[in-house]
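# Residue-level structure breakdown
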Amino acid sequence: MFEVRFHGRGGQGAKSASQFLVEAALTEGKHIQAYPDYGPERSGAPVRTYARIADDPIITHEPVTSPEAVVVLDPTLMDVVDVIEGLGSDGTLIVNSKEHPDIFRKKLKFKGRVYTLDASTIALKLINRDSPNTALLGALVKAIGVVELESMKQAVVQGFLKKLGKSKAEHNGMCVQEGYEKLEVG
């Protein structure tokens with residue numbers, strides 16, 4: 001079973017990111033769970049969301065306490081939230097930032113894989129809004145490979161189609177693609 005936790009602020013798309021991830025996995029025949037964990041909903045408040053993906057039925061409904069990956073939509077949360085809580089040294093941390101991954105590796109004293117992607121700039125360029133979630137989903141697909149890139153893009157486009165219309169939905173799909181292409185793994 002693959003488990004991931006997203007950290008963001010209300011309005012950045014953490015909840016949508018976990019939902020799109022599991023919808024992509026569902027189209028590939030996998031079993032899924034996604035759910036948010038937050039206090040009073042308000043824009044800018046810290047938000048955590050979770051996703052589980054498995055080849056077999058998921059029988060647990062416990063909170064995700066030991067994720068394989070953590071995605072951070074807003075790096076300022078690291079000053080107030082332990083974003084690597086439960087993330088083992090074999091885990092993966094992906095941060096929305098222009099900074100080099102070593103900055104976060106040292107700051108958090110994390111020994112696992114750390115990737116950074118300037119997802120905010122991608123989002124501003126393609127959708128005129130600082131919603132880094134879809135570009136970070138592309139980065140997650142590249143770093144982890146838990147779902148196929150095309151499944152992820154399709155889930156994002158379909159998820160936004162009714163809410164935002166065809167053009168904006170397709171531009172969000174382009175954010176997934178660019179996040180995938182720009183993430184440097186090595």
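Cut-off values and rules
- Residues numbered from 1 in each chain as written.
- Predicted model: local features only at pLDDT ≥ 70, side-chain atom pairs only at ≥ 80, totals over all residues.
- Heavy atoms only, no water.
- Core = buried A, V, L, I, M, F, W, Y, C linked by side-chain atoms within 4.5 Å.
- Buried < 20%, exposed > 50% of the residue type's maximum accessible area, 1.4 Å probe, protein only.
- Contact = heavy atoms within 4.5 Å.
- Helix = DSSP H or I, 4+ residues; strand = E, 2+ residues; numbered from the N terminus.
- Expected span 1.5 Å × (residues − 1).

## Observations concerning the nonpolar core
Counting 43 residues, the largest nonpolar core has Val 4, Phe 6, Leu 21, Val 147 and Met 152 as its most contacted members. Among all residues touching Val 147, those that are not within four sequence positions of it are Leu 21, Ala 24, Ala 25, Glu 28, Ile 53, Val 141 and Met 152. Val 72, Val 83, Ile 84 and Phe 110 belong to the second largest nonpolar core, which has twelve residues in total.

## Observations concerning helix H6 (residues 166-182)
For the α-helix, the turn length of 3.6 residues means that residues three or four positions removed from each other point alike. Between its terminal C-alpha atoms H6 stretches 24 Å, which fits the 24 Å expected from 17 residues at 1.5 Å a residue. Taken together, the buried positions of H6 are occupied by Ala 169, Asn 172, Gly 173, Cys 175, Val 176, Glu 178 and Gly 179. On its buried face, H6 sits against strand S6 (113-117), helix H3 (119-127), helix H4 (133-144) and helix H5 (149-164).

## Some points on unusual backbone geometry
We note that Lys 109 has phi near 55 degrees; this positive angle belongs to a residue other than glycine. Residue classification places Lys 109 among the exposed residues on the basis of a relative accessible area of 74%. Within the chain, Asn 128 stands out as a residue other than glycine whose phi angle is a positive 55 degrees.

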